[in-house]
Amino acid sequence: MMILVTYDVSFKDEGGPKRLRRIARLCQVFGQRVQYSVFEIEVDMAQWTELKNQLVNVMDEEQDSLRIYYLGSNWERKVEHIGAKKVLDLNGLLLM
């Protein structure tokens, strides 16, 4: 299933930048960054459960926010891309 994860991390305390980096790294394990704080993530339910738990444990629920959009298995019909950033095939071979 495809999930779109967006986040906003507060920098009001010194832990903000560290939380921001940790959230981004967690999202990069399973998906691709499509905007600065936006990731497209394709996972099965077990992977998503683990990732979501990790994200919630990293964030500060009093200061930060996560927005999660469940696009499902048929997501190709729901996403349109226009512009310069290359679209990756998340089902294909990903080399880092």
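Residues numbered from 1 in each chain as written. Predicted model: local features only at pLDDT ≥ 70, side-chain atom pairs only at ≥ 80, totals over all residues. Heavy atoms only, no water.

Asker: Help me get a handle on the pattern of salt bridges, residues and values and all.
Answerer: Proximity of charged atoms lets side chains of opposite charge pair with each other. The tally for this structure, following the rule as stated, stands at two salt bridges. Across the salt bridge formed by Asp-13 and Arg-19, the nearest N and O atoms sit 3.3 Å from each other. Of the residues examined, Asp-13 reaches a relative accessible area of 25% and is grouped as partly exposed. Where Asp-64 meets Arg-19, a salt bridge forms, and the shortest distance between an N and an O atom there is 2.7 Å. Here Asp-64, found in the loop between helix H2 (45-58) and strand E4 (65-72), pairs with Arg-19, found in helix H1 (residues 16-30); they are 45 residues apart in sequence, far enough to count as distant. The same class applies to Asp-64 as to Arg-19, namely buried. (Salt bridge = Lys/Arg side-chain N within 4 Å of Asp/Glu carboxyl O. Buried < 20%, exposed > 50% of the residue type's maximum accessible area, 1.4 Å probe, protein only. Helix = DSSP H or I, 4+ residues; strand = E, 2+ residues; numbered from the N terminus.)

Asker: Before we move on, could you go through the packing of aromatic side chains and cite the residues and values that matter?
Answerer: The tally for this structure, following the rule as stated, stands at two aromatic pairs. Between Tyr-7 and Phe-39 the ring centres are 6.2 Å apart and the planes differ by 20°, which places this aromatic pair in the stacked class. With Tyr-7 in strand E1 (residues 2-8) and Phe-39 in strand E3 (residues 38-42), the pair connects residues that are 32 residues apart, well separated along the chain. Judged on exposure class, the residue Tyr-7 and its partner Phe-39 are both buried. With 6.1 Å between their ring centres and 85° between their planes, Trp-48 and Tyr-70 make a pair best called edge-to-face. Here Trp-48 is found in helix H2, whereas its partner Tyr-70 is found in strand E4, with 22 residues between them in sequence. Look at Trp-48 and you get buried, because its relative accessible area is 3%. Residue placement shows Arg-33 over the ring face of Tyr-36; its charged tip is 5.3 Å from the ring centre. (Phe/Tyr/Trp six-rings, centres within 6.5 Å; stacked < 30°, edge-to-face > 60°. Lys NZ or Arg CZ within 6 Å of the ring centre and 35° of its normal.)

Asker: Let's hear about the UniProt feature "binding site: Mg(2+)" (unreviewed entry) in the chain: which residues, and what values?
Answerer: As annotated in UniProt, the feature "binding site: Mg(2+)" (unreviewed entry) corresponds to Asp-8 in the numbering used here. Within the secondary structure, Asp-8 is located in strand E1. Not counting residues within four places of it along the chain, the set of residues in contact with Asp-8 comprises Asp-64 and Ser-65. (UniProt positions renumbered as here; feature names shortened; annotations may be inferred. Contact = heavy atoms within 4.5 Å.)

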